[in-house]
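# Topology and contacts: notes
Listed below, chain by chain, are the residues.
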Amino acid sequence: MPVDTMPTPAAAKAPSSGKPVINDFSIQVATANGSGSQSSNNVLLRSILQMGIPVSGKNLFPSNIQGLPTWFTIRVSKDGYIARRKVSEIFVAMNEETIDSDITDLTPGNVLIWNSDLRRTVKRDDLIEYPVPFNKLSWEACPDPKLRKLVTNMVYVGVVVHLLGIEIAECETALKKQFKSKQKAIDLNLNAIKFGVDWAQKNLVKKDPYRVERMNKTAGQILIEGNTAAAIGALMGGVTVCTWYPITPSSSLVESLIDLCRKYRKDPVTGKTTVAIVQAEDELASIGMVLGAGWAGARSMTATAGPGISLMSEFVGLAYFADVPGVIFDVQRVGPSTGLPTRTSQGDILKAATLSHGDTKHPMLIPASVQEAYQFAQDAFDLAEQVQSVVFVMLDLDLGMNFWMSDPFPYPTKPLNRGKVLTKDDLDRLGKFERYRDVDGDGIPYRTLPGNPHPLAPYFTRGSGHNEKAQYTERPSDYRNLMNRLAKKFETMRDMVPAPVIEADPKAEIGIIAYGTSHWATVEARDQLRAQGVPTAYLRLRGYPFNSQVAEFIDKHPRLYLVEQNRDGQMQSLLSLDMPQYATKFRPIRHYTGNTLDAAFIVENLRAQEKGGHLGETQWFGPRGH
């Protein structure tokens, strides 16, 4: 069972008393990858959500072959917290390969539901045990040997449903969502769940305090993955070309877009999809196609992860130097090299911001939720065309591949913003066109698109030196002027990317900065710190380049903590490069295990540094300047 090295806070340990704990616990399930566990876990997650109880699900799965262990965690929180909890109070041990270590690593007082058919002996007397013969029950629940393996996990759902008091009717509704119109699959799995419930009723005596009760905090909410949300946003943002090469964890973004386009972007006459989606031979080819399409006037995109970003370096530099628009969705995973392909990270921040050789700076949009993944996908296409640049949308595996609660997404009401595009009539009126001249003083030139019949419209796009007229040049003054204009364009973007979200506290001397999915653990950590008498202010970064509000927040707070999910403090480096006067002010809280960040990690590291000590990963990087 994957665990962090930090000590477990007392508040997170399972209570030993019989006092009921209602709608406030975590469940972790250990199964074998490819055993149907995803369906069973999602049914359990959705059933609890449908009872009006806030939930979140985190899937920790292997990157290589079927049969290896996978862990799925469901956070149940009446208060709406959705970050991973450091300790799961209820553990379901279904995987023979890991059951010994899983049980060894449990916290005293944990609830253990385990497969007693695996012929293991639990050598602990500090757990609340429920041994269940899952293999035997699956034989009885499903006579078909070909399907038996797939229903074993649904039997575990039935046992958990009984122990926690989950309504069986919600399981049936969740099954219909999971298997849609496949009635045979619905009936088979519902029967397995009912079989597990019936067996548990007859054979188990409830000894633990955990249960669920219906609430009304999720009315109208949906469960959706961040990659799917981004795909819907791209569709709404007017994407017309998508070129990609499959890579974990971004593939499902494009796969979702393919399904959406087949349904919603079809020519009414031919029935063919009106969005060009091309699987390229590699990431280098995919970004080349994106930029060719963007130059031609298409709204073009690709989706990739860190290794793909590395391969795209030279083409992204061309886009920067020649003012070509495009959108790259980077679903970040653990690196370097192949790294841990199925673990989450914020490890591409610095690379994406400065990708390519020479002096380059690229705008980034950094969503923290599925709502923002949807909205920022739309915004990215507008921004790319407005500033004629590659725009990165920086998701991560946690956001992209896990299910999140969300209100339904609003339908867009604003028209697409194509930026500074000159038509034939514009050229007739102006009588002059120089592709790279800064007419408006914002660093953003005007462009024409192929097909414009005006004789002034054509220009040559090159990645070598060029002047304002798009003519080849190696004159030092021309190169300096070009680079200065691109720098000015970057300054203009400061007020065009999403502004930070600030939660001020006039009593707080401590400021916290976080971004992306680190937000959810930070929200919970601030509540815990407040309960301990430690008020904090909070700034959540949502875009790069940074605007003036970021500097004002940093300047205002004597002590500043920067929460990141990478080893080297990549956002700290960007902030320090942008605002060198504050370079020694940041106190790092860096989490880089590949597991999703939890609130306890933040609280313990912050409190330790406030006392002058260090904990966890932060010990390798003593905070500078104090």
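Before reading on, note that the structure itself is shown above.
Sequence order as written defines the numbering, with residues in each chain counted from 1. The model is predicted, so local features are restricted to residues of pLDDT at least 70 and side-chain atom pairs to those at 80 or more, both for listing and for counting; the totals for chains, interfaces and linings are taken over all residues. Derived side-chain values reflect all non-hydrogen atoms in the structure, with water molecules and hydrogen atoms excluded from consideration.

### Describing unusual backbone geometry
- Look at the link from threonine 248 to proline 249: it is a cis peptide, with omega at 5°.
- Summarising the element assignment, proline 249 is placed in the loop between β10 (241-244) and α8 (251-264).
- Proline 336 follows glycine 335 through a cis peptide bond whose omega is 5°.
- The way it works is that DSSP assigns letters per residue, a run of H or I at least four long becomes a helix, a run of E at least two long becomes a strand, and they are numbered from the N terminus. Looking at the secondary structure, you find proline 336 in the loop between β13 (326-334) and β14 (340-344).

### Here we look at the pattern of salt bridges
- By salt bridge we mean one thing: a side-chain nitrogen of Lys or Arg within 4 Å of a carboxyl oxygen of Asp or Glu. One pass over the structure, following the stated rule, counts 40 salt bridges.
- As a salt-bridge pair, aspartate 323 and arginine 485 come within 2.8 Å of each other at their nearest N and O atoms. Taken together, the positions of aspartate 323 in the loop between α11 (313-322) and β13 and arginine 485 in helix α16 (residues 476-492) put the pair 162 residues apart, joining distant regions of the chain.
- A residue is classified by how much of its surface remains accessible, and arginine 485, at 7% relative accessible area, is buried.
- One continuous salt-bridge network, built from bridges that share partners, spans Asp24, Lys78, Asp79, Arg85 and Glu89. Only protein chains enter the calculation, and the probe is 1.4 Å; a residue is then buried if its accessible area is under 20% of its type maximum, exposed if over 50%, and partly exposed in between.

### What about helix α4 (residues 145-164)?
- In this analysis, the expected span of each helix is defined as 1.5 Å times one less than the number of residues it contains. With 20 residues, α4 ought to run about 28 Å at 1.5 Å a step, and its terminal C-alpha atoms sit 30 Å apart, in line with that.
- Throughout, the bend at a residue refers to the angle made by two axes, fitted to the seven residues ending there and to the seven starting there. Along α4, the sharpest change in direction is near 40° and occurs at valine 151.
- Counted residue by residue, α4 has 14 buried out of 20 residues, so it is predominantly covered.

### Digging into the side chain of serine 56
- Relative to the elements of secondary structure, serine 56 occurs in strand β3 (residues 55-60).
- In contact with serine 56, other than residues within four places in its own chain, are Leu45, Thr73, Ile74, Arg75 and Ile82. Note on contacts: a residue pair qualifies if any of its non-hydrogen atoms lie within 4.5 Å across the two residues.

### Describing α8
- Here α8 contains 14 residues, and its C-alpha end-to-end distance of 20 Å stays within 8% of the 20 Å for a straight helix at 1.5 Å per residue.
- Along α8, the positions that sit buried rather than exposed are Ser251, Ser252, Leu253, Val254, Ser256, Leu257, Ile258, Leu260 and Cys261.
- Buried residues in α8 make contact with α7 (226-236), β10, β11 (276-279), β12 (300-304) and β13.

### Focus: the side chain of histidine 362
- Take histidine 362: it is sitting in the loop between α12 (349-353) and β15 (364-365).
- Taking the relative accessible area as the measure of exposure, histidine 362 reaches 1% and is therefore buried.
- Sequence-distant contacts of histidine 362, defined by excluding residues within four places in its chain, comprise Val316, Tyr320, Ala352, Ala353, Thr354, Leu355, Val390, Phe392, Phe490 and Tyr544.

### Points about the pairing of β14
- The element β14 is largely enclosed, with a buried count of four among its five residues.
- Note that β13 and β14 share two bridges and pair antiparallel. The residue bridging valine 334 from the neighbouring strand is leucine 340, located in β14.
- Following DSSP output, two strands are said to pair if at least two bridges run between them. Where β13 folds back onto β14 in an antiparallel hairpin, the turn is made up of five residues, including serine 337, whose phi is positive at roughly 55°.

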